[in-house]
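Fold and contact review
Read off the chains here:
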Amino acid sequence: MDFTKRQTRIINMLKQTSPLTSEKIAGNLELSVSTIRPDLRFLTSVEILNARPKVGYEFKGNQLLNFDYDHIYQTPISEILLPTTEIKASDTLQVAVGKLFLKDVGSLYVVNEKGDLVGLISRKDLLRASLNNSNVQSMMASIIMTRMPNIITATPDMSVIEAGKLLLLHKVDSLPAVDKQSSRHAIGKITKNRIFQHFIEIGMKTINN
């Protein structure tokens, strides 16, 4: 199994001294805990590290699982897309807030009468607008949305690693996946949580086999 340079440094660190807290590991790497958290999750999921509550992380030994990295990272996101939650550009903030919490999602995709993607509203956008505006029953959601073409999108043939890089680069939690033939037709979405779930699902299958 191949690891990134940072993951290798973490493994070597814990080979020498275990257990260490995430704060101690991050400090030794001169990075923030939030930066290394995905690495710690991954190394724990593949059982290279063991996470002990209130104690820290420890090296478990060279228990390398038979992971197919090509399958993990090069899987097209079309195989793991989530459905979109849409609202109309003419819907009010009240409707948008209700749908966001009813569906328990982090973003809403705004479409026009033809079903074309025209904007995106995040949970933060809605909460900020609702707190600063007492007229949520009549204010249209389209007023606060990020409009096309200012929305970062993915295509279904994009790999998991490519989509993950976009999510990190633009510091967003999700990306609409649009049809390659029609950049305004959202066919699904890819999120940070969905990618993490993808890694865990493959890891569990490998362990069970």
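A brief structural summary. Every value quoted in this text rests on a predicted model; they were computed, and no experiment measured them. (Residues numbered from 1 in each chain as written. Predicted model: local features only at pLDDT ≥ 70, side-chain atom pairs only at ≥ 80, totals over all residues. Heavy atoms only, no water.)

Re the packing of aromatic side chains
Taken as a whole and judged by the stated rule, the model has two aromatic pairs. Arranged with centres 5.5 Å apart and planes meeting at 75 degrees, the rings of Y73 and F199 form a pair that is edge-to-face. Note that Y73 is positioned in helix α4 (residues 69-74) and F199 in helix α8 (residues 192-208), a separation of 126 residues in sequence. With respect to class, Y73 is no different from F199; both count as buried. Ring pairs connect the aromatic residues F42, Y73 and F199, which therefore count as one cluster. For R41, the ring lying beneath its charged end belongs to F196, and the centroid distance is 5.1 Å. (Phe/Tyr/Trp six-rings, centres within 6.5 Å; stacked < 30°, edge-to-face > 60°. Helix = DSSP H or I, 4+ residues; strand = E, 2+ residues; numbered from the N terminus. Buried < 20%, exposed > 50% of the residue type's maximum accessible area, 1.4 Å probe, protein only. Lys NZ or Arg CZ within 6 Å of the ring centre and 35° of its normal.)

Concerning the pattern of salt bridges
A side chain with one charge may pair with a side chain of the opposite charge, provided their charged atoms come close. Enumeration according to the criterion identifies seven salt bridges in this entry. Ionic pairing is found between R194 and E201, a salt bridge with its closest N-O pair at 3.8 Å. For R194, a relative accessible area of 11% corresponds to the buried category. (Salt bridge = Lys/Arg side-chain N within 4 Å of Asp/Glu carboxyl O.)

Quick word on helix α7 (residues 160-170)
Along α7, the residues that are buried comprise V160, A163, G164 and L167. Down the axis, α7 shows its buried residues gathered within 100 degrees of arc, on one side only. Of the exposed residues in α7, those oriented more than 90 degrees away from the buried face are K165 and L169. Just downstream of α7 lies K171, where phi reads positive at about 55 degrees. (Arc of directions from axis to C-beta.)

A closer look at the side chain of S159
By secondary structure assignment, the location of S159 is in the loop between β6 (146-147) and α7. The exposure class of S159 is buried, given its relative accessible area of 5%. Non-local contacts of S159, meaning those with residues more than four positions away in its chain, are made with Y73, Q74, T75, P76 and I77. (Contact = heavy atoms within 4.5 Å.)

Here we look at the sheet that holds strand β3 (residues 86-88)
Spatially, β3-β4-β5-β6 is the arrangement adopted by the four strands of the open sheet, whose pairing is mixed. For this open sheet the edge positions go to β3 and β6, each flanked by a neighbour on one side alone. Bridge count between strand β5 (residues 117-122) and β6: two bridges; the pairing is antiparallel. Directly across from L120, in β6, lies its bridge partner T146. (Pairing = 2+ DSSP bridges.)

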